[in-house]
Amino acid sequence: MQKSTLLFLLLLISAYAFHIGRQRSRQIVGGRVTNLHSLPNYYGYYTALWALLPALALLFIWMGFETPVINHLVIGTLPEASRSLSADNQGLLINDITNALNGSYGEAKPELKTTVDYLRSLKIRSNWLLSLLAITLAFMGAFFARSRIHKEHRARNKVEQTVMAFLVGSSLIAILTTLGIVLSVLFESIRFFDKVPITDFLFGLEWSPQIAMRSDQVGSSGAFGAVPLFTGTLLISSIALIVAVPIGLMSAIYLAEYASLRFRSVAKPLLEILAGIPTVVYGFFAALTVAPFIRDLGADAGFDVSSESALAAGLVMGIMIIPFVSSLSDDFINAVPQSLRDGAYALGATQSETIRQVVIPAALPGIVGGILLAASRAIGETMIVVMAAGLAANLTANPLEAVTTVTTQIVTLLVGDQEFDSPKTLAAFALGLVLFLVTLVLNIIALHIVRKYREQYE
Amino acid sequence: MSNRTEENKSSNQGIRTHEIVKAGLHRRRAAEIRFKAYGFICIVAGLGFLMALFGNIIAHAWSAFEQTYVALDVTFDESVLDPEGKHDAANLASADYPALTKRSLAAMFPEVKDRLEKRSLNALLSSGAAYELRRVLAKDPALLGKTERIWLPVDDDVDMLVKGQIDRDIGEGDRRMKDYQIAWIDKLIASGRVEKRFNKQFFTSGDSREPEMAGIWGALMGSLFTLIVTGALSLPIGIASAIYLEEFAPRNRWTDIIEVNINNLAAVPSIVFGLLGLAVFINFFGLPRSSPLVGGLVLTLMTLPVIIIAARSALKSVPPSIREAALGIGASQMQTVFHHVLPLAMPGMLTGAIIGMARALGESAPLLMIGMVAFIVDVPGSLTDPSTVLPVQIYLWADSSERGFVERTSAAILVLLAFLITMNGLAVYLRKHYERRW
Amino acid sequence: MRHPENIPTSASFSRDHIQTVGNIFVKDARIECRSVDVFYGEKHAIQDVSLDVGRNEVIALIGPSGCGKSTFLRCLNRMNDTIPGCRVSGEIKLDGQDIYAEGLDVVPLRAQVGMVFQKPNPFPKSIFENVAYGPRIHGLASNKLELEEIVEKSLRRAGLWEEVKDYLRHPGTGLSGGQQQRLCIARTIAVNPEVILMDEPCSALDPIATAKIEQLMDDLREHYTIAIVTHSMQQAARVSQRTAYFHLGKLIEVGETAQIFTDPRHQLTEDYITGRFG
């Protein structure tokens with residue numbers, strides 16, 4: 001039985017449980033529902049929860065342990081030679097067998113045929129056993145709950161407690177996510193720093209992870225110096241901000257202070273479309289149109305521009321974050337109280353003087369917060385740089401040359417590579433750690449500033 | 001006395017002030033106009049970028065919705081297809097169809113003798129032409145032994161040439177078509193055997209190395225499965241989380257931490273979520289690589305903060321008087337929330353959820369990390385099949401060197417944007433029609 | 001009918017529809033308003049108001065909430081321009097010059113007619129910069145010394161100098177409410193206006209701060225013309241020479257302050273003064 005079918009069946013059973021629970025409660029009081037502690041529906045929910053939750057728990061636990069247990073059993077039947085392989089190679093072997101079972105990548109090798117059959121039978125048995133157990137458990141839960149129903153039974157409180165547990169659990173997922181990010185990235189990074197000293201990574205000037213791919217050169221010194229990636233990221237992000245901040249800020253000012261209501265109602269959503277366009281589209285635009293355009297323009301002017309220039313990637317990334325800057329700035333400019341503007345106008349200030357000398361200074365903390373958020377967005381942006389920036393780690397500040405970025409390297413290091421122990425893949429996690437920490441600090445500062453600012457005018 | 005002089009002085013000063021202000025007026029008005037113009041130029045620049053982006057993509061995408069076909073008189077020769085005369089379907093399915101097209105091309109261009117030239121003649125046709133013949137024959141087995149004029153897809157280079165995207169005027173060495181190949185095509189065009197037709201393949205098939213055979217259906221299905229997982233998880237969890245934080249949670253340090261944490265997660269780079277997915281879901285839990293299941297899980301974690309923040313503000317906008325009214329007639333807090341507050345906040349929550357899902361649909365970076373970037377021809381049929389998603393398909397095609405993939409990439413982008421615009425339009429509609437202002 | 005028939009008229013205003021009791025004219029007026037109407041979109045906020053404001057006098061505009069007194073005040077330096085959908089018709093002349101004339105720039109007008117608002121609104125800048133802002137944008141000081149002189153003089157006139165002279169670089173928002181309001185007055189004075197409009201300048205202040213501001217108005221009268229909107233009749237009685245009573249967008253009665261408060265001629269004015277509504 002497919003797991004999805006099983007899930008559907010369990011839902012059916014709990015619907016049935018809802019029905020019998022409700023019936024039971026009505027029956028106990030002979031239809032005089034007011035004599036019950038809770039409404040009949042709550043007895044229904046109570047029974048349904050008893051039917052569903054234990055069975056679901058079993059399902060998830062089973063799914064968690066099924067693969068390791070089956071793999072262990074399969075390995076046990078393999079010849080001695082295979083059993084003594086390293087964990088990684090055993091994993092590869094299991095992969096082979098599983099692939100053979102699924103029929104992908106051609107026919108199974110003949111020597112694995114019995115193992116594949118064994119695996120198949122194990123999987124089928126496991127599935128049937130699970131289905132049987134889960135369904136039994138569901139019915140047992142339902143009937144147990146039904147037997148518990150009596151007149152004074154506080155079904156509503158019990159149901160509400162369960163719902164509450166779900167609500168609390170859901171809100172903890174955000175914490176767990178952060179924890180998961182920190183732990184997974186940190187754990188792999190520590191393994192990486194075992195092989196490559198952290199100082200080499202943070203201060204080394206040369207980045208060439210490909211050299212270290214050769215097994216005899218694992219962690220060869222100097223190959224994992226991430227400084228060129230940091231400077232490259234900084235260069236492209238700076239170009240992006242140089243494009244986005246003035247355009248975004250001036251657009252926001254125009255929209256908030258000058259534009260007629262009609263113009264604003266058209267232009268603002270149009271500008272925000274820019275924020276909704278997937279980054280892969282920007283990447284395509286940068287690589288196909290903007291980069292060649294800039295290269296040709298440079299060639300006409302006598303400059304030697306790389307076809308993966310930092311300028312092209314930065315420019316397009318700037319376009320992407322324009323609405324980020326503009327809509328946040330717009331919010332903050334609108335939050336500046338009218339009384340301040342009135343004060344300036346009453347002194348005879350022109351509108352632009354009021355904006356430049358009173359409104360913007362008053363909104364500045366918020367705007368700075370917005371720009372920091374935009375900067376964090378630029379640093380973490382991946383697709384545009386993967387598609388339009390280079391792979392070569394050049395240590396340069398020249399926007400016409402190709403540079404590479406932290407995110408580009410993470411993608412390059414991890415895509416396609418299955419081996420999980422080489423410094424090459426671990427380096428990606430170390431880069432991820434740096435990326436996470438830097439954006440975290442930026443975000444926390446930015447959010448703090450923004451929050452303070454909001455409080456100021458509330 | 002001293003008062004009088006000061007008064008005089010003051011009124012003199014008043015006149016002086018007036019004069020000074022008037023003198024500076026011209027300059028200040030000019031500055032005003034300049035400043036306003038900068039603002040306007042910036043908006044126009046922003047909108048100009050948007051137009052350039054859309055114009056560029058539409059211009060490239062347009063031609064991808066058509067594919068060039070050539071009409072060949074194909075003889076379904078029994079001696080080639082079924083030399084043993086078995087007439088069973090399995091045998092016919094694995095027969096040598098390319099031989100048929102080779103023969104009919106050779107019949108049409110008898111002057112081509114040279115082996116190399118012959119090969120480039122055969123290369124005019126797409127490798128998908130053989131599949132097309134197989135399909136035709138399977139549909140109508142009576143064709144066996146007969147000769148029929150059949151429209152077959154051409155190779156992507158020919159397609160590009162017919163669509164005018166290969167420049168005939170540049171030197172032979174600089175383009176992918178030989179002069180004599182162009183001559184053959186011109187001859188075919190002159191005899192009315194070349195036609196552009198609607199590119200059905202593009203919407204119905206999976207990925208391929210050959211541009212003329214590649215389609216987005218596989219990626220669309222992958223996106224659909226991924227979004228199903230994302231929606232099924234992030235919606236209930238996000239709303240539950242928002243309800244707890246907004247309606248039940250005590251205001252203390254813990255909830256403060258959760259709140260800061262959620263706001264921060266919303267700004268964490270998406271690629272970091274990919275790293276999390278790789279380390280936790282694939283390496284730790286051993287879930288299948290490249291699968292919509294893992295993709296959906298990663299995108300769930302990524303969109304949760306967005307949905308929670310939107311749902312909380314929707315809950316916040318429900319006035320406290322509603323809660324007080326329900327609590328006042330003896331409803332429990334849980335009943336108040338689920339019977340009264342939640343229905344009122346629902347449109348706002350759904351709006352936020354749709355916007356979050358739209359973001360998830362356009363996301364690609366974290367999915368690269370979990371292997372959804374593999375080259376997958378088959379259309380996925382379940383949550384655990386290896387698959388890719390539309391944005392990643394766009395990335396893959398954008399990376400290919402074939403000229404024919406450029407227009408297909410653009411077309412795939414158009415399809416993706418169409419979905420996104422529909423979703424956002426739906427969100428705007430919901431907000432306009434159901435959101436109440438109090 | 002816009003003018004109720006039961007109003008006894010004694011004004012010698014040569015218009016057909018006279019609605020105001022009392023003498024709206026003064027000799028050698030600084031501001032002359034004739035038949036001013038103000039609309040906010042569809043709403044007719046001010047209806048046919050004519051009034052003169054004399055030199056070196058304090059005129060108080062009183063009336064119940066929403067009667068249009070603040071709107072009228074804001075017409076006098078065209079602050080209503082900043083409100084979308086607001087339309088002003090009629091004639092307002094400052095020293096004989098129509099301030100709503102086509103092509104007239106509001107910048108010099110507002111330099112001539114300053115305004116102090118209900119809630120103190122110092123800019124989020126230092127005390128010095130707050131006062132120096134007006135002279136700076138208009139280029140009134142040719143060097144730093146002159147600017148400092150203007151700032152000191154203005155703060156002195158606003159009665160704030162002794163309190164803040166050692167804290168000029170501190171933010172203006174850090175002052176107490178009363179000090180902030182006097183800072184705003186100093187900011188207005190620094191531009192050397194001829195008229196100062198005050199829109200309920202004391203409503204957000206405590207009695208002690210209010211007393212200081214009232215004293216200040218009395219001092220300022222020597223150099224400036226002041227029009228003040230107030231909710232407090234005691235304040236109007238204390239600071240003003242003339243008082244105008246507004247009701248539902250109409251100017252009902254105007255006259256010497258003493259006369260208005262002791263012997264109102266219009267029923268509505270009397271009802272308001274005696275506290276029957278408002």
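Residues numbered from 1 in each chain as written. Chains lettered and ligands numbered in written order. Predicted model: local features only at pLDDT ≥ 70, side-chain atom pairs only at ≥ 80, totals over all residues. Heavy atoms only, no water.

Some remarks on the overall build of chain B
Selection rule: Think of it this way: any DSSP run of H or I at least four residues long counts as a helix, any run of E at least two long counts as a strand, and we number them from the N terminus. Every radius of gyration here is taken over C-alpha atoms, with the globule rule written as 2.2 Å times N^0.38, N being the number of residues. Relative accessible area decides the class of each residue, using a 1.4 Å probe on protein chains only: under 20% of the type maximum gives buried, over 50% gives exposed, and in between gives partly exposed. Should any heavy atoms of two residues lie within 4.5 Å, those residues are considered in contact. Shrake-Rupley sampling with a 1.4 Å probe provides the accessible areas, and residues are treated as covered by the protein chains on show and by no other component.
Within chain B, the regular secondary structure consists of 18 helices and 3 strands. In terms of overall dimensions, chain B is more spread out than a globule: its C-alpha atoms have a radius of gyration of 33 Å, far above the 22 Å expected for 438 residues. Its C-alpha atoms put chain B at 125 × 70 × 40 Å along the principal axes. Taking all 438 residues of chain B together, the buried fraction comes to 52%. In chain B, the proportion of contacts linking residues at least 24 apart, taken out of those at least 6 apart, comes to 76%. Of the roughly 20,400 Å² of accessible surface on chain B, 59% is carried by carbon and sulfur atoms.

What about the overall build of chain C?
Across its full length, chain C carries 10 helices and 10 strands. Along the first, second and third principal axes, the C-alpha atoms of chain C reach 60 × 45 × 35 Å. Within chain C, buried positions represent 58% of all 278 residues. Of the contacts formed within chain C by residues at least 6 apart in sequence, a portion of 66% connects residues at least 24 apart. Summed over its atoms, the accessible surface of chain C is roughly 11,500 Å², and 49% of this surface lies on carbon and sulfur atoms.

Some remarks on the nonpolar core
Rules: To qualify as a nonpolar core, a set must consist of buried Ala, Val, Leu, Ile, Met, Phe, Trp, Tyr and Cys residues joined through side-chain atoms within 4.5 Å.
Counting residues in hydrophobic clusters, the biggest one holds 200 residues, and the most contacted among them are Trp207, Tyr282, Ile410 and Leu431 of chain A. Sorting elements by how many residues they give to this core places helix 8 (residues 227-258) of chain A first, with 17 residues. For Ile410 of chain A, the residues in contact, after removing those within four places along its chain, are Ala428, Leu431, Gly432 and Leu435 of chain A together with Ile271, Leu275 and Met369 of chain B. With 40 residues, the next largest nonpolar core counts Ala60, Phe128, Leu183 and Met233 of chain C among its residues.

As for the interface of chain B and chain A
Applied cut-off: When two parts are brought into contact, each loses some accessible area as probed by a 1.4 Å sphere; the total of that loss over both is the buried area. Think of a salt bridge as a Lys or Arg side-chain nitrogen and an Asp or Glu carboxyl oxygen that are within 4 Å of each other. By the criterion applied in these results, polar contacts are pairs of N or O atoms within 3.5 Å in which, for protein atoms, one can donate a hydrogen and the other can accept it, and in which residues neighboring in sequence qualify only through two side-chain atoms. Only Asp, Glu, Lys and Arg are considered charged, only Ala, Val, Leu, Ile, Met, Phe, Trp, Tyr, Cys and Pro nonpolar, and every remaining residue, Gly among them, polar.
Contact with chain B, which involves 78 residues of that partner, is made by 79 residues of chain A. Surface buried jointly by chain B and chain A totals about 6,600 Å² across both partners, of which 78% is contributed by carbon and sulfur atoms. Our count for the chain B to chain A interface comes out at 1 salt bridge. Across the contact surface, chain B and chain A share 14 residue pairs in polar contact (both at pLDDT 80 or more). The element that contributes the greatest number of residues to the side of chain B that touches chain A is helix 1 (residues 2-61) of chain B, accounting for 22 residues. Among the residues forming the side of chain B that touches chain A, the class breakdown is 55 nonpolar, 16 polar and 7 charged.

Brief notes about the pattern of salt bridges
When the charged atoms of two side chains lie near each other, side chains of opposite charge can form a pair. By the definition in use, this model includes 37 salt bridges over all chains. The partner of Arg28 of chain B in a salt bridge is Glu353 of chain A, and the shortest N-O contact between them spans 2.8 Å. Here Arg28 of chain B is found in helix 1, whereas its partner Glu353 of chain A is found in helix 13 (residues 351-380) on a different chain. This pair shows no difference in class: Arg28 of chain B is buried, exactly as Glu353 of chain A is.

A look at the interface of chain C and chain A
With 23 residues of chain C in contact, the opposing surface of chain A contributes 18 residues. A combined buried area of about 1,500 Å² lies between chain C and chain A, and 65% of that area is made up of carbon and sulfur atoms. Taken together, chain C and chain A are joined by 1 salt bridge. We note a salt bridge from Arg74 of chain C to Asp342 of chain A, for which the minimum N-O separation is 3.7 Å. Linking chain C with chain A are 5 residue pairs in polar contact (both at pLDDT 80 or more), by the criterion used here. Elements supplying a minimum of two residues to the side of chain C that touches chain A: helix 2 (106-112), strand 6 (113-116), helix 3 (127-138) and helix 6 (177-189) of chain C. Examining the composition of the side of chain C that touches chain A, we find that 4 residues originate from one element, helix 3 of chain C, more than from any other.

Here's the deal with the domain arrangement of chain B
Residues and elements named next belong to chain B. This is how the line gets drawn: Delimitation of the domains relies on an automatic or database domain assignment.
What the domain assignment reports for chain B is domain 1 (2-62), domain 2 (64-201) and domain 3 (217-434). Each of domain 2 and domain 3 has a C-alpha centre, and the two are 45 Å apart. Taken residue by residue, the interface counts 9 residues in domain 2 and 7 residues in domain 3. Applying the counting rule to domain 2 against domain 3 returns 1 salt bridge. Measuring nitrogen to oxygen at the nearest pair gives 2.9 Å for the salt bridge that ties Glu407 to Lys163. Inspection of the domain 2/domain 3 interface yields 3 residue pairs in polar contact (both at pLDDT 80 or more).

Some words on helix 6 (residues 155-195) of chain A
Keep this limit in mind: One less than the number of residues in a helix, times 1.5 Å, gives the span that helix is expected to have. Bending is quantified residue by residue as the angle between axes fitted to the seven-residue window ending at that residue and the seven-residue window starting at it.
Between its first and last C-alpha, helix 6 of chain A extends 58 Å over 41 residues, near the 60 Å set by a 1.5 Å rise per residue. At Ile173 of chain A, helix 6 of chain A is deflected by roughly 30°, the largest bend along its length.

Digging into the confidence of the model for chain B
Residues and elements named next belong to chain B. Worth spelling out the cut-off: Every residue gets a pLDDT, meaning the predictor's confidence in that residue, from 0 to 100.
Looking at chain B as a whole, the pLDDT averages 86, with 95% of positions reaching at least 70. Per-residue pLDDT, averaged within each element of chain B, yields its smallest value for helix 3 (residues 89-93) (72) and its largest for helix 10 (residues 217-248) (94). Segment residues 1-9: pLDDT under 50, and 5 contacts once partners within four positions in sequence are set aside and those in other chains are kept.

Describing the packing of aromatic side chains
Going by this rule: Under the pairing criterion, centres of Phe, Tyr and Trp rings, with the six-membered ring standing for Trp, must be within 6.5 Å; the plane angle then separates stacked pairs below 30 degrees from edge-to-face pairs above 60, leaving the rest tilted. The criterion is that NZ of a Lys, or CZ of an Arg, lies within 6 Å of the ring centre and within 35 degrees of the ring normal, and then a charge sits over that ring.
Taken as a whole and judged by the stated rule, the model has 25 aromatic pairs over all chains. Taken together through their ring pairs, the aromatic side chains of Phe65, Phe198, Phe202, Phe203, Trp397 and Phe405 of chain B make up a single cluster. Over the ring of Phe375 of chain B we find Arg209 of chain B, and its NZ or CZ is 3.7 Å from the ring centre. Of note, Arg87 of chain C hangs over the ring of Phe39 of chain C, and the distance from its end group to the ring centre comes to 4.5 Å.

A look at a nonpolar patch on the surface
For clarity, the threshold we go by: Residues enter patches when their relative accessible area tops 30% and they take part in no salt bridge; the joining distance is 9 Å for like charges and 5 Å for the nonpolar side chains Val, Leu, Ile, Met, Phe, Trp and Tyr.
On the surface, Ile61, Phe65, Val69 and Leu73 of chain A cluster together into a nonpolar patch covering about 390 Å² of accessible area. Among the structural elements, Phe65 of chain A can be located in helix 2 (residues 40-77).

Concerning the sheet that holds strand 4 (residues 86-94) of chain C
Strand pairs in the sheet, formed through backbone hydrogen bonds, run parallel or antiparallel to each other. All names here are of chain C. Selection criterion: A pair of strands is labelled paired if DSSP reports no fewer than 2 bridges between them.
The strand order across the open sheet formed by 4 strands is 2-1-4-5, and the pairing between neighbours is antiparallel. The open sheet has two free edges, formed respectively by strand 2 (43-53) and strand 5 (97-98), since each of these has just one partner strand. As defined by bridge partners, strand 1 (residues 31-40) adjoins strand 4 across 8 bridges and the pair is classed as antiparallel. The residue bridging Glu32 from the neighbouring strand is Lys93, located in strand 4.

Let's talk about the packing of helix 5 (residues 115-122) of chain B against helix 8 (residues 179-190) of chain B
Residues and elements named next belong to chain B. Let me state the cut-off plainly: Working convention: axes come from line fits to C-alpha atoms, limited for helices to the stretch in contact. Angles between N-to-C directions cover 0 to 180 degrees. For classification, angles of less than 35 degrees are called roughly parallel, those exceeding 145 degrees roughly antiparallel, those between 65 and 115 degrees roughly perpendicular, and all remaining angles oblique. Working rule for handedness: look at the near helix, and if it is turned counterclockwise from the far one by less than a right angle, call the crossing left-handed; if clockwise, right-handed.
Contact geometry of helix 5 with helix 8 gives a least axis separation of 10 Å together with a crossing angle of 50°. Of the possible angle classes, the one that applies to helix 5 and helix 8 is oblique. As for how helix 5 packs across helix 8, the hand of that crossing is right-handed. Two secondary-structure elements touch here, helix 5 through Glu117, Ser120 and Leu121 and helix 8 through Tyr180, Gln181 and Trp184. Tallied by class, the residues present in the contact of helix 5 with helix 8 amount to 3 nonpolar, 2 polar and 1 charged.

Notes on the sheet that holds strand 2 (residues 147-153) of chain B
Residues and elements named next belong to chain B. A sheet is described by the order of its strands in space; here 3 strands give the open sequence 2-1-3, paired in antiparallel fashion. Whereas interior strands pair on both sides, the edge strands pair on one side only; in this sheet they are strand 2 and strand 3 (194-198). Averaged over all pairs of adjacent strands, the angle between their axes in this sheet comes to 40°, without regard to strand direction. Of the pairings in the sheet, the one linking strand 1 (residues 66-75) to strand 2 comprises 7 bridges and is antiparallel in character. Note on strand 2: the bridge partner recorded for Val74 is Glu148. The strands that helix 4 (residues 97-108) touches are strand 1 and strand 2; relative to strand 1, the one it contacts most, it runs at about 85°.

Re unusual backbone geometry
Residues and elements named next belong to chain C. Positive phi, normally seen in glycine, also occurs at Asp95, with a value near 50°. Mapped onto the secondary structure, Asp95 falls in the loop between strand 4 and strand 5. The backbone of Leu248 shows a phi angle near 45°, a positive value even though the residue is not glycine. If you trace the backbone, Leu248 turns up in the loop between strand 9 (242-247) and strand 10 (250-256). Owing to a relative accessible area of 63%, Leu248 belongs among the exposed residues under this scheme.

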